[in-house]
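Structural description and commentary
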Number of protein chains: 2
Amino acid sequence: MMASDEVRLARAYLCGVAEPPAPALAALVAVVGPLEAAARVRQGQVPERVAKETGARCARELAAEQLRAAEAVGARLLVPEDDDWPLAALLAFSRSGYPHLAAPLALWVRGTKPLAPLTERSVAVVGSRACTGYGSHVANSLGFGVAELGVTVFSGAAFGIDGAAHRGALSAGGPTVAVLACGVDIAYPAGHHRLLAQIVEEGLVVSEYPPGTTPARHRFLVRNRVIAGLSAGTVVVEAGWRSGSRRTASDALLLGRSVMAVPGPVTSALSVGSHRLLREPGVTAVTTAAEVVEEIGRIGIDLAEPSAPRERPTDNLHHTTARVYDVLDQRSNGDVRRLGVESGLPVELVRAALGELELAGLAERTPNGWRRAPASPKHAGKSVEGCGGA
Amino acid sequence: MMASDEVRLARAYLCGVAEPPAPALAALVAVVGPLEAAARVRQGQVPERVAKETGARCARELAAEQLRAAEAVGARLLVPEDDDWPLAALLAFSRSGYPHLAAPLALWVRGTKPLAPLTERSVAVVGSRACTGYGSHVANSLGFGVAELGVTVFSGAAFGIDGAAHRGALSAGGPTVAVLACGVDIAYPAGHHRLLAQIVEEGLVVSEYPPGTTPARHRFLVRNRVIAGLSAGTVVVEAGWRSGSRRTASDALLLGRSVMAVPGPVTSALSVGSHRLLREPGVTAVTTAAEVVEEIGRIGIDLAEPSAPRERPTDNLHHTTARVYDVLDQRSNGDVRRLGVESGLPVELVRAALGELELAGLAERTPNGWRRAPASPKHAGKSVEGCGGA
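Just so it is clear, the model here is predicted, and its values are computed rather than measured. (Residues numbered from 1 in each chain as written. Chains lettered and ligands numbered in written order. Predicted model: local features only at pLDDT ≥ 70, side-chain atom pairs only at ≥ 80, totals over all residues. Heavy atoms only, no water.)

**Topic: the pattern of salt bridges**
Residue and element names in this part refer to chain A. With the rule as written, the count across this model stands at 28 salt bridges over all chains. Residue Asp251 is joined to Arg247 by a salt bridge in which the shortest nitrogen-to-oxygen separation is 3.5 Å. Here Asp251 and its partner Arg247 are both found in helix H12 (residues 244-254), four residues apart, which amounts to about one turn of the helix. Of the residues examined, Asp251 reaches a relative accessible area of 0% and is grouped as buried. Arg247 sits in the partly exposed class, given a relative accessible area of 29%. (Salt bridge = Lys/Arg side-chain N within 4 Å of Asp/Glu carboxyl O. Helix = DSSP H or I, 4+ residues; strand = E, 2+ residues; numbered from the N terminus. Buried < 20%, exposed > 50% of the residue type's maximum accessible area, 1.4 Å probe, protein only.)

This is the structure we're talking about:
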């Protein structure tokens, strides 16, 4: 189902009349509906808190013009009355009860894909604009990796981590969604106009700001709550001490989303923000795309397989058997009594262990006693020195 | 108080007669005392579980010889009957109830300092032998930093992280304790014989293995429990997927100690172990010596001060004031009404904000309206672009 033109026009007016987040206006709309709310705002017949949010702009009738401007660039206004509205994701806003997490009244969407399905399995990958090569590499790999696993990457299209994450997702052929702090008709940052065009092609560019809105400092933080809200989880890749990404992460926590941070060198100022997050309760360290998907994913379906550990021939031995193996020599031959003293084990146990080791091909019987079987290549370098402090 | 020669001799015998950990023997000693336990072991009058631990070596009467060998290198046998026994630290062993965490029956100690006081404010810094330059740098800095704060660094004297941590502590003039997997008379690894000599001079070299005992693979893991137990907390700096340091960390957790891990690049195989730990419950990410000391330290005394964030001129402004500041232009002049529309704020609030900004030296009144005050050097580059995605 699609919303009526009338409703869409009213929502467009409401979107433009208050600077988001507008908790009082959002509450009014929730109670009386967009048509009635728009009428009341126009007449100034609203409670004082709504008047404070809408008074400065209530005379601006730009809705029709903004809808035309959107259409001209292949964008549309998505409203809660549309089927494609990401209701499940955005319910968390109204439930949170935090004024700064008021739900968007509508979303300007550029691109042809429907938004709601893209939010179902989704993750925000965010971080510093002035990232390091390490951060850029990790963001790109994570973007690629989660996209390969069918998860949509949300980010803010900024330089640095954001751009690397979007590009990673695009390389994997996955859709990605950029949420802007300005109108969807504005390519911001300008250096990313080609990236944004590609995102429009393969995914979506989204904003709660009407076409023509220019970016302003406070809009980036306000926008960040939309990134956090549209995604099932947020990963911070690199962030300095003071970072908008930490705000995205804190919004995500308040919205009940998973929050993850990628560790980095403690010597890097660009990982300070990630490490601060890791020291907070409820934040998970992630190092691979699989771990990210496990965190946001459906339990039992998206379980990350631990990277396979290297096998050692002695891995599955009983610890007493391993102790006998330790004291076996490769060159000289040991009798059972000497092996017992050296390993501190009774002779019966030494005998049993030697039998087990022989079966495993780890020990061999010689005319003069027992010795370690010649090392297989797999086992080379795993001598006593090889298992010291590490 | 010092233990009697008789008790020390009995403990020396018991130390040599069973390969640690020897939970059954430790339990016997706890019940009947060292003199009676030694007599019963010699006569073979012990329960089967104790016999299994002691049978292979019970005829070896090396105690007097080992005590002389210790004395020859300036070492002594520290026993629980001595005042200097680190009782508070080692109580956790008997309380843990885990057989593999049986308490040491005595400790061979090389150096002149008393051990117990060194364990009171202490941290184990452990990690991979084959560490990276990053790991070595971090271990050295942490060793230096915690030693400066009066905390003893415990480690295993191995190549890599262990050595770097000991050296860091020594550079700060602090004592450090090396716990070996061989006799204290053996310089292992040989390449660390000068480092070990310096540790003996400034701190202590400790082992539960009698003089002359050579290192064997299983002894490293068994030794790790002593490192974990003598320290108030354990920090893993760098560790591969399979790492003895993870065992130290898991022993520390079982003993009720703090466990910390230092994050590193997720692209480094040597940080995989640290990151696995960080994904486990109860493990804290640490990035500085102050954070380590806070974790192990006395609450309210050793609280880490967060690194000072950079200040911004708008930091302490009310958010509506900051919104007006955002829309103020540095070149052109804005009237109050235009600023209201751009910021989405009522005119009264804009006026109040402008007054506040003027007082703070952030806005100035001109004949034609308001503009942003020329940026101070501190504020340069903090324009809208400077606060984007990051």
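**Describing the pairing of strand S10 (residues 363-366) of chain B**
All names here are of chain B. Examined bridge by bridge, S10 and strand S11 (residues 369-372) share four bridges and lie antiparallel to one another. Bridged to Ala363 within S11 is Arg372. Once S10 ends, the chain turns through two residues before running back antiparallel as S11. (Pairing = 2+ DSSP bridges.)

**Notes on the side chain of Thr152 of chain B**
Residues and elements named next belong to chain B. Locating Thr152 in the fold gives a position in strand S4 (residues 152-155). At 2.9 Å, the side chain of Thr152 and the backbone oxygen of Leu118 are in polar contact. Residues in contact with Thr152, not counting those within four places in the same chain, are Leu118, Arg121, Ser122, Val123, Pro175, Thr176 and Val177. (Polar contact = N/O pair within 3.5 Å; in protein donor to acceptor, adjacent residues only side chain to side chain. Contact = heavy atoms within 4.5 Å.)

**Some words on the state of the cysteines**
One pass over the structure, following the stated rule, counts zero disulfides over all chains. Free cysteine Cys58 of chain A: the closest other cysteine sulfur is in Cys15 of chain A, separated by 16 Å. (Disulfide = S-S within 2.5 Å.)

**With respect to the sheet that holds strand S3 (residues 122-126) of chain B**
The pairing of strands in a sheet comes from backbone hydrogen bonds and takes either a parallel or an antiparallel form. Residues and elements named next belong to chain B. Here we have nine strands laid out as an open sheet, ordered S1-S2-S6-S5-S4-S3-S7-S8-S9, and mixed in their pairing. Where the open sheet ends on each side, the last strands, each with one partner, are strand S1 (75-78) and strand S9 (283-285). Pairs of neighbouring strands in the sheet enclose a mean axial angle of 25 degrees, with direction left out of account. One ladder, built from four bridges, connects S1 with strand S2 (residues 107-110); its direction is antiparallel. Looking at the pairing, Ala75 lines up with Arg110 of S2. Relative to S1, helix H5 (residues 63-72) is tilted by about 130 degrees, and along the sheet it contacts S1 and S2. Along the sheet face, helix H9 (residues 161-171) touches S3, S4 and strand S5 (176-179) and points at about 160 degrees away from the line of S4. (Axes fitted to C-alpha atoms, helices over the stretch in contact; angles between N-to-C directions.)

**Quick look at the nonpolar core**
Across soluble globular proteins, you tend to see nonpolar side chains buried next to one another. Core analysis: the biggest nonpolar cluster contains 64 residues, and Leu107, Val179 and Val206 of chain A together with Leu107, Val179 and Val206 of chain B have the highest contact counts within it. The contact partners of Val206 of chain A, leaving out residues within four places of it in the chain, are Leu107, Trp108, Val109, Leu115, Val177, Ala178, Val179, Leu180 and Val184 of chain A. (Core = buried A, V, L, I, M, F, W, Y, C linked by side-chain atoms within 4.5 Å.)

**Describing the packing of aromatic side chains**
Scanning all chains against the criterion turns up two aromatic pairs over all chains. Each ring, one from Tyr188 of chain A and one from Phe220 of chain A, has its centre 5.9 Å from the other, and the planes form 50 degrees; the classification is tilted. In this pair, Tyr188 of chain A sits in the loop between strand S5 (176-179) and helix H10 (193-202) while Phe220 of chain A sits in helix H11 (residues 217-230), placing the two residues 32 residues apart along the sequence. According to the relative accessible area criterion, Tyr188 of chain A is buried, its value standing at 17%. A cation sits over an aromatic face here: Arg276 of chain B above Trp241 of chain B, 3.7 Å from the ring centre. Just above the ring of Tyr325 of chain B sits the side chain of Arg372 of chain B; from NZ or CZ to the centre is 4.1 Å. (Phe/Tyr/Trp six-rings, centres within 6.5 Å; stacked < 30°, edge-to-face > 60°. Lys NZ or Arg CZ within 6 Å of the ring centre and 35° of its normal.)

**So, the confidence of the model for chain A**
All names here are of chain A. Here chain A averages 89 in pLDDT, and 91% of its residues register 70 or above. Across residues 306-310 the pLDDT falls below 50, and counting only partners more than four positions away or on other chains, this stretch makes six contacts in the model. With pLDDT under 50 throughout, residues 376-390 is counted as low confidence; its partners more than four residues away or in other chains account for 36 contacts. Both confidence scores are given for the complex: pTM 0.79, ipTM 0.76. (pLDDT = per-residue confidence, 0-100.)

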